[in-house]
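# Analysis of the macromolecular model
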Amino acid sequence: MTFAAKLANKLKNERYKLWLQAHMTAATTIQVEVLLALPHRAWSVSLILADGATVADALQQATPQLPSLLEIDWSYGIFGRLVSAATLLRDGDRVELLRPLQADPMDQRRRRALKH
């Protein structure tokens, strides 16, 4: 093998190592967003977490950036679907803090139906 061929092979290997390192690093982290919406204000926090992180991990990391409203017992959702704090997150997930209902929707409908 000539010197030029050895050098070309080494460069290919170095590029491959860099590519592999970049893709392995990207695969071991995920990016998620944590949202908290109130009637007159909303907060959004983008986070980079380790692969295998849960909703609870995301909330713990987002707590310093969100108001002290996290002390309330919230329900959690990912893209509008109810989940638990132990749910594993995937890259691109949007974790939503869901406010408790102020009134039961079925009771509200019944009351409106009785009025008419």
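Structure shown above.
Residues numbered from 1 in each chain as written. Predicted model: local features only at pLDDT ≥ 70, side-chain atom pairs only at ≥ 80, totals over all residues. Heavy atoms only, no water.

## Let's talk about a positive patch on the surface
Where like charges cluster on the molecular surface, the positive patch consists of Arg109, Arg111, Arg112 and Lys115. Examined against the element boundaries, Lys115 turns out to sit in helix H3 (residues 105–115). (Patch = residues over 30% accessible without salt bridge, like charges linked within 9 Å, V, L, I, M, F, W, Y side chains within 5 Å. Areas by Shrake-Rupley, 256 points an atom, 1.4 Å probe, with all protein chains shown as cover. Salt bridge = Lys/Arg side-chain N within 4 Å of Asp/Glu carboxyl O. Lys, Arg positive; Asp, Glu negative; His and termini not counted. Charge placed at Lys NZ, Arg CZ, Asp CG, Glu CD. Helix = DSSP H or I, 4+ residues; strand = E, 2+ residues; numbered from the N terminus.)

## Re the pairing of strand S1 (residues 29–38)
Judged from the ten bridges that link them, S1 and strand S2 (residues 41–50) form a sheet pairing that is antiparallel. In the sheet register, Leu36 faces S2, and the bridge partner there is Trp43. (Pairing = 2+ DSSP bridges.)

## Concerning the nonpolar core
Formed by 20 residues in total, the largest nonpolar core has its most connected members in Val34, Leu47, Leu49 and Leu89. Residue contacts for Leu49: discarding those within four places in its chain leaves Thr28, Thr29, Ile30, Val32, Ala58, Gln61 and Leu89. (Core = buried A, V, L, I, M, F, W, Y, C linked by side-chain atoms within 4.5 Å. Buried < 20%, exposed > 50% of the residue type's maximum accessible area, 1.4 Å probe, protein only. Contact = heavy atoms within 4.5 Å.)

## Some words on the environment of Arg81
Of note, Arg81 is situated in strand S4 (residues 81–83). With relative accessibility at 65%, the residue Arg81 sits in the exposed group. For the pair Arg81 and Glu96, spaced 15 residues apart in the sequence, the C-alpha separation amounts to 9.2 Å.

## Let's talk about the side chain of Glu96
With respect to the helices, strands and loops of the structure, Glu96 is situated in strand S5 (residues 94–98). From its side chain, Glu96 meets the backbone nitrogen of Gly80 in a polar contact 2.9 Å long. At 2.7 Å, the side chain of Glu96 forms a polar contact with the side chain of Arg94. Ignoring anything within four residues of it in the chain, the contact list for Glu96 reads Leu35, Ser75, Tyr76, Gly77, Phe79 and Gly80. (Polar contact = N/O pair within 3.5 Å; in protein donor to acceptor, adjacent residues only side chain to side chain.)

## Comments concerning the sheet that holds S2
Taken together, five strands build an open sheet; the order of strands is S2-S1-S5-S3-S4 and the sheet is mixed. Only two strands of the sheet have a single partner each, and these edge strands are S2 and S4. On average, adjacent strands in this sheet sit at an angle of 30 degrees to one another, irrespective of strand direction. Looking at chain direction, S1 and S5 are connected through four bridges and run parallel. Within S5, the residue paired with Leu36 across the bridge is Leu97. Those strands touched by helix H2 (residues 55–62) are S1, S2, strand S3 (75–78), S4 and S5, and its axis lies near 115 degrees from that of S2. (Axes fitted to C-alpha atoms, helices over the stretch in contact; angles between N-to-C directions.)

## Considerations on the pattern of salt bridges
Following the criterion strictly, the structure yields two salt bridges and no others. For Glu96, the salt bridge goes to Arg94, with nearest N and O atoms at 2.7 Å. Given a relative accessible area of 27%, Arg94 falls into the partly exposed group. Here Asp107 and Arg110 are joined by a salt bridge, their closest N and O atoms 3.2 Å apart. Of this pair, Asp107 and Arg110 are both found in helix H3, three residues apart, which corresponds to roughly one turn of the helix.

The values are spatial; any link to function lies outside them.
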